[in-house]
Amino acid sequence: MTAAPFRSLKSPQDLIEADLVEAGQRDAVTEVADRYAIAVTPAMLALIDRDDPLDPIALQFVPDGRELLTVPQERADPIGDRAHSPVTGIVHRYPDRVLLKAVHVCPVYCRFCFRREMVGPQGEGTLSADELDDAFAYIREHSEIWEVILTGGDPLVLSPRRLQAIMARLAEIPHVKIVRFHTRVPVVEPARIDAALVAALKASGKVTYVALHANHPRELTAEARAACARIIDAGIVMISQTVLLTAVNNDADVLAELMRAFVETRIKPYYLHHPDLAPGTSHFRLSIEEGRALVAALRGKISGLCQPTYILDIPGGHGKAVIGDSTVESVGEGCYSVADWRGGVHEYRD
Ligand code: SF4
């Protein structure tokens, strides 16, 4: 029996001692660790079933020798952040919103991460004071920026004091109305969501949204749900994002349970991402056709409240496209063929 650690596992040796990696895999996992960061928090370790070689939690966080294989279509910057970065830490892809990447550290390192070349101890680090000044100056000078999305890395690894300082600076910019945080912390380190952190996410005159990244219903533990409740009870809206991943959640029942778990937690399902072309992640990818079939299967299974939007981040930084499920096809001017969730086909004219 392995004693549960009170700290995150961050090295191949930690993973071997925790029985997550066999000693025979040490060389391959060490090679992976030289390229991509590793971290498994105690909360995620507690969820892993070591008797299941396809445990969906382990697959997300425990490094795998298959990550050493890069296929030709994979890219170091799959969604083209760098092509749209006018100053360090800012990505300005759409006119009315920017990403503010204040930190490139995460509490866990997801094996499929689309920014895996940028995050972690060897990644792009935390913005310096001067870089932050330049990022805020850029936001201030662009009056079309309505929404600032804090991502990274995981912005909720920052201390409440630093988060509050960021929010205070955003509060001084009148055209910014919405501040959105993208995070995995409520799931992977729920105790971090305390009163001080929640208070730091709010700023006078701004509306805060928190987008929670979770991929399997087991991640929504009682502790995670309680952490989300602390955020929502403070008046912050929560939405979800999920990455479609082979062997983790490419199953309509698993996705249905996950989407219901979000709604039960008062989190509105938002994005279901088709996996990005990040290096060394081909073992996670599925075809768009398989993704479409899964999304179509969700239609009849779960309430409209639970339905996410299935999207593709177009490689190269061209933004998001809704993949849809081909249930509505134009068959002539103003005329459509509409398939219902049972497969029946109907004619519709507008
Ligand atoms: S938490 Fe987000 S940014 Fe960090 S490794 Fe996971 S997917 Fe990447």
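Before reading on, note that the structure itself is shown above.
Residues numbered from 1 in each chain as written. Predicted model: local features only at pLDDT ≥ 70, side-chain atom pairs only at ≥ 80, totals over all residues. Heavy atoms only, no water.

Colleague: I'm lost on the packing of aromatic side chains in this one. Help?
Modeller: Aromatic ring pairs are defined here through the distance separating the ring centres and the angle between the ring planes. Summed over the entire model, instances satisfying the criterion amount to two aromatic pairs. Between Tyr270 and Tyr271, the aromatic rings sit 4.0 Å apart at their centres with planes inclined by 25 degrees, giving stacked as the arrangement. Seen from the ring of Tyr36, Arg116 lies directly overhead, with NZ or CZ sitting 3.6 Å from the centre. (Phe/Tyr/Trp six-rings, centres within 6.5 Å; stacked < 30°, edge-to-face > 60°. Lys NZ or Arg CZ within 6 Å of the ring centre and 35° of its normal.)

Colleague: Honestly, the site of the ligand in this entry has me stumped. Any pointers?
Modeller: Surrounding the ligand, one finds Cys106, Val108, Tyr109, Cys110, Cys113, Gly153, Arg184 and His213. At a threshold of 2 Å from the grid points, most atoms of the ligand map onto the largest pocket. (Near = heavy atom within 4 Å. 1 Å grid on protein atoms, 1.4 Å probe; cavity = no way out; pocket = protein on both sides within 12 Å on 5 of 7 lines; lining within 4 Å. Sits in = over half its atoms within 2 Å of the grid points.)

Colleague: Sorry if this is basic, but what is going on with helix α2 (residues 26-35) here?
Modeller: Because an α-helix completes one turn every 3.6 residues, residues spaced three or four positions apart along the sequence face the same direction. For α2, every residue scored as buried is listed here: Val29, Val32 and Ala33. The buried residues of α2 occupy an angular sector of 100 degrees when the element is viewed end-on, so they sit on one face. Counted as exposed and oriented over 90 degrees from the buried face of α2: Asp27 and Asp34. Lining the buried residues of α2 we find α1 (12-17). (Buried < 20%, exposed > 50% of the residue type's maximum accessible area, 1.4 Å probe, protein only. Helix = DSSP H or I, 4+ residues; strand = E, 2+ residues; numbered from the N terminus. Arc of directions from axis to C-beta. Contact = heavy atoms within 4.5 Å.)

Colleague: How should I be thinking about unusual backbone geometry in this particular structure?
Modeller: Note on backbone geometry: most residues besides glycine have negative phi, and most peptide bonds are trans. In this structure, the amide linkage connecting Gly152 to the following residue, Gly153, adopts the cis form with an omega of 10 degrees. Along the chain, the position of Gly153 falls in the loop between β3 (147-151) and α6 (160-171). Here Asp19, not a glycine, exhibits a phi torsion of approximately 65 degrees, which is positive. Take Asp19: it is sitting in the loop between α1 and α2. Phi at Ala247 takes a positive value of approximately 75 degrees, unusual for a residue other than glycine. Mapped onto the fold, Ala247 is located in the loop between β6 (237-243) and α10 (252-264). A relative accessible area of 35% means that Ala247 is categorised as partly exposed.

Colleague: I keep staring at the packing of α10 against helix α11 (residues 288-301) and nothing clicks. Help me out?
Modeller: Two packed helices can be described by the angle between their axes and the distance between those axes. Contact geometry of α10 with α11 gives a least axis separation of 9 Å together with a crossing angle of 55 degrees. Classified by the interaxial angle, the pair formed by α10 and α11 is oblique. The chirality of how α10 crosses α11 is right-handed. Between α10 and α11, the contacting residues are Ala252, Asp253, Leu255, Ala256 and Arg260 on the first element and Leu294, Ala297, Leu298 and Lys301 on the second. Residue classes in the contact of α10 with α11 are distributed as six nonpolar, no polar and three charged. (Axes fitted to C-alpha atoms, helices over the stretch in contact; angles between N-to-C directions. Parallel < 35°, antiparallel > 145°, perpendicular 65-115°, else oblique. Left-handed = near helix turned anticlockwise from the far one by under 90°. Nonpolar A, V, L, I, M, F, W, Y, C, P; charged D, E, K, R; others polar.)

Colleague: Is there a simple way to explain the layout of surface pockets in this structure?
Modeller: Volume-wise, the largest pocket comes out at about 850 Å³. Every residue lining the largest pocket is counted, 42 residues in all, and those nearest its centre are Phe114, Arg115, Thr151, His182 and Gln241. Looking at the lining of the largest pocket residue by residue, the classes come out as 21 nonpolar, ten polar and eleven charged. When its volume is computed, the second largest pocket comes out at roughly 490 Å³. Lining the second largest pocket are 23 residues, with Leu20, Pro53, Ala58, Leu59 and Val62 sitting closest to its centre. Considering only residue class, the lining of the second largest pocket consists of eleven nonpolar, three polar and nine charged. (Points joined across faces, edges and corners; volume = space filled by probe spheres on them.)

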